[in-house]
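Summary of structural features
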Amino acid sequence: KNEVEQSPQNLTAQEGEFITINCSYSVGISALHWLQQHPGGGIVSLFMLSSGKKKHGRLIATINIQEKHSSLHITASHPRDSAVYICAVKETSGSRLTFGEGTQLTVNP
Amino acid sequence: NAGVMQNPRHLVRRRGQEARLRCSPMKGHSHVYWYRQLPEEGLKFMVYLQKENIIDESGMPKERFSAEFPKEGPSILRIQQVVRGDSAAYFCASSPTGGVTLANYGYTFGSGTRLTVV
């Protein structure tokens, strides 16, 4: 079993829909990242959070430390949001990140 | 303030050759991490370095792979005698500290080097 599990693996939406991607982890963490990766492109850090909720534009990230769960929400989705979204955790001990397998999001016009 | 710079972006090597991947961290960052993304797989940790020191290499294959981060110059990930299974995207990230405090964690990724072994 992976230490970081994401769901769904693949998600197809129509433009304008509200999207939720979930991440569950089984280790103690000090921080959780949500990352975005476009095909053939680099990795962009969207959020880093350790508690509560953060918002940036149409993106919202929440984390529940007790339940070891985080969600990434995209409001009013757009085709340019199509990408792989990756959840990564920094364990309490150590400095490296452990990654989920990613969620492939496709937003159709 | 340039971000994390990786070069080359694309690298093609024949089986048995050596591959050298370079990573220049963000200015002021002294911690470098290398991650590998195999085709159709998620990212996996390889090695964590500070200047002149390897802190954690538990994710690095025991043979043919080595990494360094000299006092001057970029961090280098070196793969000797490459095989087809080494074909992957290799990402570097840097941070100003080892992550002791969240406020200055500042984890930033490079654009990656895509290695193809033919």
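The structure displayed is predicted, hence computed values, not measured ones.

This paragraph deals with the overall build of chain A. A tally of helices and strands in chain A yields 0 helices and 11 strands. Mapped from its N terminus to its C terminus, chain A presents α and β elements in the order β-β-β-β-β-β-β-β-β-β-β. In terms of overall size, chain A behaves like a compact globule, its C-alpha atoms giving a radius of gyration of 13 Å where 109 residues would be expected to give roughly 13 Å. Counting only C-alpha atoms, chain A reaches 45 × 30 × 25 Å along its principal axes. For chain A, buried positions account for 46% of its 109 residues. Residue pairs at least 24 apart in sequence account for 55% of intrachain contacts in chain A once pairs closer than 6 positions are excluded. By element, 49% of the accessible surface of chain A is carried by carbon and sulfur atoms, the whole surface being about 5,100 Å².

Turning to the interface of chain A and chain B, a few remarks are in order. Counting from both sides, the interface comprises 19 residues of chain A and, opposite them, 22 residues of chain B. Connecting chain A to chain B are 2 salt bridges. Glu101 of chain A is the partner of Lys44 of chain B in a salt bridge, and the nearest nitrogen-oxygen pair spans 3.8 Å. Inspection of the region where chain A meets chain B yields 4 residue pairs in polar contact (both at pLDDT 80 or more). When contributions to the side of chain A that touches chain B are tallied by element, the ones reaching two or more residues are strand S4 (29–37), strand S5 (43–49), strand S9 (83–91) and strand S10 (97–99) of chain A. Sorting elements by how many residues they give to the side of chain A that touches chain B places S4 of chain A first, with 5 residues. When grouped by side-chain class, the residues that make up the side of chain A that touches chain B number 7 nonpolar, 9 polar and 3 charged.

The rules we used
Residues numbered from 1 in each chain as written. Chains lettered and ligands numbered in written order. Predicted model: local features only at pLDDT ≥ 70, side-chain atom pairs only at ≥ 80, totals over all residues. Heavy atoms only, no water. Helix = DSSP H or I, 4+ residues; strand = E, 2+ residues; numbered from the N terminus. Rg over C-alpha atoms; globule rule 2.2 N^0.38 Å. Buried < 20%, exposed > 50% of the residue type's maximum accessible area, 1.4 Å probe, protein only. Contact = heavy atoms within 4.5 Å. Areas by Shrake-Rupley, 256 points an atom, 1.4 Å probe, with all protein chains shown as cover. Salt bridge = Lys/Arg side-chain N within 4 Å of Asp/Glu carboxyl O. Polar contact = N/O pair within 3.5 Å; in protein donor to acceptor, adjacent residues only side chain to side chain. Nonpolar A, V, L, I, M, F, W, Y, C, P; charged D, E, K, R; others polar.

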